[in-house]
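Residue-level structural notes
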Amino acid sequence: MQEPMETQLKEWAQYVGHFQLPRWEQLPELELYMDQVIVLMEKILSGLLYGKKNLLTPAMVNNYVKLGLIPKPIKKKYGRRHLAYLVVITLLKELFAIGEIKAAIQMQTQREGSGQAAYDLFCAEIEFALAAASAEMLGENQPSPAPAQPENRLLRMAAWAFACRTAANQEVVLHRENQE
C-alpha cells in the first residue's frame, strides 16, 4: 500500500514542480459569465489543489463582490481583472482570512503600481515556491531564490506558506485515500 502512495506523491510533486499559472496576458480577453468563470478556475487550479471540491462557487464569487474583494461584474460579465483576483483569492484562502487577503492584495497592488504587475509577480512567486516544495518532496536540491525585496517579503512568505501547506495536504490526502 505504501508504494502506490509514494508513486502518486512523486507524480504530483513532478506536476507542481512545473506548474504554471496563467499570466495576466494569458487570461481570456473576452469577458465571461459566472458559469464560464467557475469552469475556467477549476481548469486552472484543480490539479494543484487535488482533492478539493468546489474550489470556487457562484456564491463565493458573489460574496467576494459584496465584501469588496473583487470589483462588481459589468453586465454580469467578468474580465481579466476579476479572474486575476479570483486566482489569488482562491489560493490565499487556503492560508488567510478574507480580510487579510483583501489587505494583502491592496498592499501589493499599491507597491507594484498596477494589478497586472502585482498579479504576475504573485504567479512567479507561487511557481517558485511550488518548485521548491516539489524538490523537497522528490529529494532534489531546492532552487535558491534571489533575496526578496522588503516590499515583496509578504508575498514571498505567503507563496512559500501556500506551497508547503499544499504539499503537506497532498501527502495527507493521498495517505487517507490509500488507507481506504
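To start, this report covers the structure provided alongside it. Here the residue numbering is sequential within each chain, running from 1 through the sequence in written order. Owing to the predicted nature of the model, reporting of local features is limited to residues with pLDDT of at least 70; listing and counting of side-chain atom pairs is limited to 80 or more, with chain, interface and lining totals taken over all residues. Based on all heavy atoms of the structure, the side-chain values leave hydrogens and waters out of the count.

**Regarding helix H6 (residues 115-138)**
An ideal rise of 1.5 Å per residue puts 34 Å on 24 residues; H6 measures up with 34 Å between its terminal C-alpha atoms. Immediately downstream of H6, the backbone of glycine 139 shows phi near 70°, a positive value. Numbering goes from the N terminus for both helices and strands, where a helix is a DSSP run of H or I of at least four residues and a strand is a run of E of at least two. A helix is expected to reach a length of 1.5 Å times the quantity of its residues less one.

**Describing the packing of helix H4 (residues 80-92) against H6**
Only the stretch in contact is used when fitting a helix axis, every axis being a line fitted to C-alpha atoms; angles between N-to-C directions are given from 0 to 180 degrees. Closest axis-to-axis distance for the H4/H6 pair is 10 Å, and the angle between their directions is 35°. As H4 runs across H6, the sense of the crossing is left-handed. When H4 is examined against H6, the residues Ala84, Val87, Val88, Leu91 and Leu92 are found in contact with a partner set consisting of Tyr119, Phe122 and Ile126. Under the convention adopted here, Pro, Cys and the residues Ala, Val, Leu, Ile, Met, Phe, Trp and Tyr are nonpolar, Asp, Glu, Lys and Arg are charged, and Gly plus all remaining residues are polar. Taken together, the residues of the contact of H4 with H6 break down into 8 nonpolar, no polar and no charged. Each helix crossing is assigned a hand: it is left-handed if the near helix lies turned anticlockwise from the far helix by less than a right angle, otherwise right-handed if that turn is clockwise. We call two residues in contact whenever any of their non-hydrogen atoms come within 4.5 Å of each other.

**Focus on the packing of aromatic side chains**
Note on aromatic pairs: the rings of Phe, Tyr and Trp (six-membered ring only in Trp) are paired at centre separations within 6.5 Å, and the planes decide the class, stacked below 30 degrees, edge-to-face beyond 60, tilted for the rest. Tallying each qualifying case throughout the model produces 2 aromatic pairs. Consider the rings of tryptophan 24 and tyrosine 119, whose centres lie 6.5 Å apart with planes at 65°: the pair is edge-to-face. Residue tryptophan 24 is located in the loop between helix H1 (2-17) and helix H2 (34-45), and its partner tyrosine 119 is located in helix H6; the two are separated by 95 residues in the primary sequence. Only protein chains enter the calculation, and the probe is 1.4 Å; a residue is then buried if its accessible area is under 20% of its type maximum, exposed if over 50%, and partly exposed in between. Taking the relative accessible area as the measure of exposure, tryptophan 24 reaches 14% and is therefore buried.

**What about the state of the cysteines?**
Count a disulfide wherever a pair of cysteine sulfur atoms falls within 2.5 Å. Counted by the stated rule, this structure contains 0 disulfides. Cysteine cysteine 123 is unpaired, with the sulfur of cysteine 164 as its nearest cysteine sulfur at 19 Å. On the basis of relative accessibility, which here comes to 51%, the residue cysteine 164 falls in the exposed class.

**Brief notes about unusual backbone geometry**
Non-glycine residue lysine 75 carries a positive phi angle of around 55°. Mapped onto the elements of the fold, lysine 75 is located in the loop between helix H3 (58-66) and H4. Even without being glycine, lysine 76 reaches a positive phi, approximately 65°. Mapped onto the secondary structure, lysine 76 falls in the loop between H3 and H4. Overall, lysine 76 belongs to the exposed group, its relative accessible area being 67%.

**Overview of the layout of surface pockets**
For cavity detection a 1 Å grid was placed over the protein atoms alone, and a set of points counts as a cavity when a 1.4 Å probe fits there but cannot get out; an open set counts as a pocket when protein lies on both sides within 12 Å along at least five of seven lines, with lining residues being those that have an atom within 4 Å of a point. Grid points are joined across faces, edges and corners, and a volume is the space filled by probe spheres set on the points. The volume enclosed by the largest pocket comes to roughly 320 Å³. Residue lining of the largest pocket: 20 residues in total, with Val88, Ile105, Gln108, Thr109 and Ala118 positioned closest to the centre. When contributions to the lining of the largest pocket are tallied by element, the ones reaching two or more residues are H4, helix H5 (98-112), H6 and helix H7 (153-179). It is H5 that contributes the most residues to the lining of the largest pocket, 6 residues altogether. The residue inventory of the lining of the largest pocket, partitioned by class, reads 15 nonpolar, 3 polar and 2 charged.

**Structural notes on the pattern of salt bridges**
A pair is scored as a salt bridge if a Lys or Arg side-chain nitrogen falls within 4 Å of a carboxyl oxygen belonging to Asp or Glu. Here the structure, examined in full by the defined rule, presents 5 salt bridges. With a closest N to O distance of 2.6 Å, glutamate 127 and arginine 23 form a salt bridge. Remark: arginine 23 occurs in the loop between H1 and H2 and glutamate 127 occurs in helix H6; sequence separation between them is 104 residues. On the basis of relative accessible area, glutamate 127 is assigned to the buried category, the value being 11%.

**A word on the environment of alanine 129**
By secondary structure assignment, the location of alanine 129 is in helix H6. Residue class for alanine 129 comes out buried when judged on its relative accessible area of 4%. Note: C-alpha distance between alanine 129 and phenylalanine 162 (33 residues apart in sequence) is 8.1 Å. Once you skip the residues sitting within four places of it in the chain, alanine 129 turns out to touch Ala159, Trp160 and Ala163.

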